[in-house]
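So you can see what is in the structure, the chains are spelled out below.
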Amino acid sequence: MLTLIIGGVRSGKSTYAEKLAVHSQTDSLYYIATSVNTDEEMNERIIKHKKARKEAPQQWIVFERPTRPSSIKLQQRGTVLLDCVTTWTANEWMEKIESETMDELVTRMVTEVEKMMQSTEHLILVSNDLFSDAMKFEPAIQEFLQLIGKLHQQLVKKSDRAVKMEFSYPQIKKGRIL
């Protein structure tokens, strides 16, 4: 099963994803963190997420993998939570081969998701909604927004459930709630 959770900054998407993972009733819980510690704000967010997982009543097996998450070898099938697709996309975009097109990058990332789905019972992806601003952006930012938009479209097509988070309230856009 594939669940995609998309929401704005501080919308409650990670907390909801963690609760969903715990309620998936699988033996193993895996957490793939894609963030790279780049500044003080990111450091604080990473510390907060690590603390929350450490204090959780259930045991998470955590992997820190900014790119190519399908290369992780899981000990057994279970629930995998990848947080977050937006950061993972930025990391892949920054490291992409110069000749790789945006569509090729999207295809490669979707293939990564398909590989992860083969080794797990439930894959939960968390991503950011970056499309609420109606502003004109610099070309590089506009290219990234197009990339994440195309990726989101492909992931929603593949997902069994798509959830939009607003104000810590999940809105089911595809599939049904557990």
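Residues numbered from 1 in each chain as written. Predicted model: local features only at pLDDT ≥ 70, side-chain atom pairs only at ≥ 80, totals over all residues. Heavy atoms only, no water.

1. Some details on the pattern of salt bridges
Tallying each qualifying case throughout the model produces 8 salt bridges. Put simply, Glu-92 and Arg-68 hold a salt bridge, and the shortest N to O gap is 2.7 Å. Highlighted residues: Glu-92 in helix α3 (residues 85-95) and Arg-68 in the loop between β3 (60-64) and β4 (79-83), separated in sequence by 24 residues. Residue Arg-68 is classed as partly exposed on the basis of its relative accessible area, which comes to 35%. For Glu-92, the salt bridge goes to Arg-108, with nearest N and O atoms at 2.9 Å. Of this pair, Glu-92 sits in helix α3 while Arg-108 sits in helix α4 (residues 102-118), and the two are 16 residues apart along the sequence. For the residue pair Glu-92 and Arg-108, the accessibility class agrees, reading buried in each case. Salt bridges sharing partners connect three or more residues here, namely Arg-68, Glu-92, Glu-100 and Arg-108. (Salt bridge = Lys/Arg side-chain N within 4 Å of Asp/Glu carboxyl O. Helix = DSSP H or I, 4+ residues; strand = E, 2+ residues; numbered from the N terminus. Buried < 20%, exposed > 50% of the residue type's maximum accessible area, 1.4 Å probe, protein only.)

2. What about the pairing of β4?
Along β4, 5 of the 5 residues are buried, which leaves the element largely enclosed by surrounding structure. Both faces of β4 are covered, namely the face carrying Thr-79, Leu-81 and Asp-83 and the face carrying Val-80 and Leu-82. In this structure, strand β2 (residues 29-33) lies alongside β4, joined through 5 bridges in parallel fashion. Each residue of the ladder has a partner; that of Ala-33, found in β4, is Asp-83. Here 5 bridges tie β4 to strand β5 (residues 122-128), and the two strands are oriented parallel to one another. Pairing of Thr-79 across the sheet is with His-122, part of β5. (Pairing = 2+ DSSP bridges.)

3. Let's talk about unusual backbone geometry
A negative phi angle characterises most non-glycine residues, just as the trans form characterises most peptide bonds. Cys-84 follows Asp-83 through a cis peptide bond whose omega is 10 degrees. In this structure, Cys-84 sits in the loop between β4 and α3. Non-glycine residue Ser-168 carries a positive phi angle of around 65 degrees. Judged by its relative accessible area of 52%, Ser-168 falls in the exposed class.

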